[in-house]
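Here is what each chain is made of, one letter per residue.
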Amino acid sequence: AVCNSNPARTSPPKIIGGQGRVLGVCFAIRVASCCGSQAGCAPGQANCKEALRRMKTVSANGAEIPAIGLGTWELRGEQCAQLVSSALQAGYTHIDTAQMYKNEREVGKGIRVSGIDRDKVFVTTKIWPDHFATDDFARAVDESLALLNCGVPDLLLLHWPSRTVPIAETITAL
């Protein structure tokens, strides 16, 4: 499918790759395609970077979290690193990954090669429920830090509740 290059479009972008896969690629390509020019940008808007800079944030416990982020589910290899880098250069400020996605290394690489200062990027990663036990949790966090290799994530989430590890144990591990 071909992406619509109009960043002011309110309907979801078309899917590249079918079956809902790589939806983020389409949106990032759509945004990146008009950066640096006025083509496809809303009237009075200098470019897509300006639109992305104006995005709202969500306040939570003193943190300002960009409301829209680039999800990296099912992105792999060099394509993942390139997309993350391009998205940051296009104006994205929030990148979302997870252990389960098996792309933290590539996400970290994309952040590092983007040329965007790390303190301008909000990074979210998630720990998989199989690692919620006290001893496993610390190892899982260390593994994510090593794979990302871009400093401490801004937000560390529990991917979803564990059926086997009580939440009280995981909270203690935090």
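In this report, we go over the structure that sits alongside the text. (Residues numbered from 1 in each chain as written. Predicted model: local features only at pLDDT ≥ 70, side-chain atom pairs only at ≥ 80, totals over all residues. Heavy atoms only, no water.)

Quick notes on the layout of surface pockets
It is a probe the size of a water molecule, rolled over the atoms, that shows where empty space is left. Threshold: A cavity, in this analysis, means grid points on a 1 Å lattice covering only the protein atoms where a 1.4 Å probe fits yet has no way out; a pocket is instead an open set bounded by protein on both sides within 12 Å along at least five of seven lines, and a residue lines either one if it has an atom within 4 Å of a point. Grid points are joined across faces, edges and corners, and a volume is the space filled by probe spheres set on the points. Numbering of helices and strands starts at the N terminus; helices are DSSP runs of H or I of at least 4 residues and strands are runs of E of at least 2. Amino acids are sorted into nonpolar (Ala, Val, Leu, Ile, Met, Phe, Trp, Tyr, Cys and Pro), charged (Asp, Glu, Lys and Arg) and polar (every other residue, Gly among them).
In this structure, the second largest pocket spans a volume of roughly 160 Å³. Looking at the lining of the second largest pocket, the elements that each hand over two or more residues are helix H4 (104-113) and helix H5 (134-148). It is H4 that provides the largest number of residues to the lining of the second largest pocket, a total of 3 residues. Across the lining of the second largest pocket, the residue classes break down as 3 nonpolar, 3 polar and 5 charged.

So, the nonpolar core
This is how it is decided: To qualify as a nonpolar core, a set must consist of buried Ala, Val, Leu, Ile, Met, Phe, Trp, Tyr and Cys residues joined through side-chain atoms within 4.5 Å. Working definition: with a 1.4 Å probe on protein chains only, accessible area under 20% of the residue-type maximum means buried, over 50% means exposed, and in between means partly exposed. Here, two residues are considered to be in contact whenever any of their heavy atoms come within 4.5 Å of each other.
Leu70, Val84, Leu88, Ile95, Val107 and Ile111 are the most contacted members of the largest nonpolar core, which has 15 residues in total. Among the elements that make up this core, the one with the highest residue count is helix H3 (residues 77-90) (5 residues). Non-local contacts of Ile95, meaning those with residues more than four positions away in its chain, are made with Leu70, Thr72, Val84, Leu88, Val107, Val121, Phe122, Val123 and Thr124. Grouped together as the second largest cluster of nonpolar side chains are 6 residues, Phe137, Ala140, Val141 and Val165 included.

Considering the pattern of salt bridges
Here is the rule: The salt bridge criterion pairs a side-chain nitrogen of Lys or Arg with a carboxyl oxygen of Asp or Glu, the two atoms within 4 Å.
Following the criterion strictly, the structure yields 4 salt bridges and no others. Among the ionic pairs, Asp96 bridges to Lys126, the shortest N-O distance being 2.7 Å. Here Lys126 lies in strand E5 (residues 122-127) and Asp96 lies in strand E4 (residues 94-96), a separation of 30 residues in the sequence. Across the salt bridge formed by Asp154 and Arg118, the nearest N and O atoms sit 3.0 Å from each other. Highlighted residues: Asp154 in the loop between H5 and strand E6 (155-158) and Arg118 in the loop between H4 and E5, separated in sequence by 36 residues. On the basis of relative accessible area, Asp154 is assigned to the partly exposed category, the value being 39%. Exposure remark for Arg118: the relative accessible area of 22% places this residue in the partly exposed category.

Things to note about the packing of H3 against H4
Heads up, the rule is: Think of each axis as a best-fit line through the C-alpha atoms, taken over the contacting stretch in the case of a helix, with angles from 0 to 180 degrees between the N-to-C directions. These descriptions rest on fixed angle ranges, namely under 35 degrees for roughly parallel, over 145 for roughly antiparallel, 65 to 115 for roughly perpendicular, and the rest for oblique. Here is the rule for handedness: rotate from the far helix to the near one, and if that takes an anticlockwise turn smaller than a right angle the crossing is left-handed, while a clockwise turn gives right-handed.
At a minimum axis distance of 7 Å, the contact between H3 and H4 shows a crossing angle of 40°. Viewed along their axes, H3 and H4 adopt a mutual orientation that is oblique. Every pair of crossing elements has a handedness; the one defined by H3 and H4 is right-handed. Residues Gly77, Glu78, Cys80, Ala81, Val84, Ser85, Leu88 and Gln89 of H3 lie in contact with H4, whose contacting residues are Glu106, Val107, Lys109, Gly110, Ile111 and Val113. Here the contact of H3 with H4 is built from residues that sort into 7 nonpolar, 4 polar and 3 charged.

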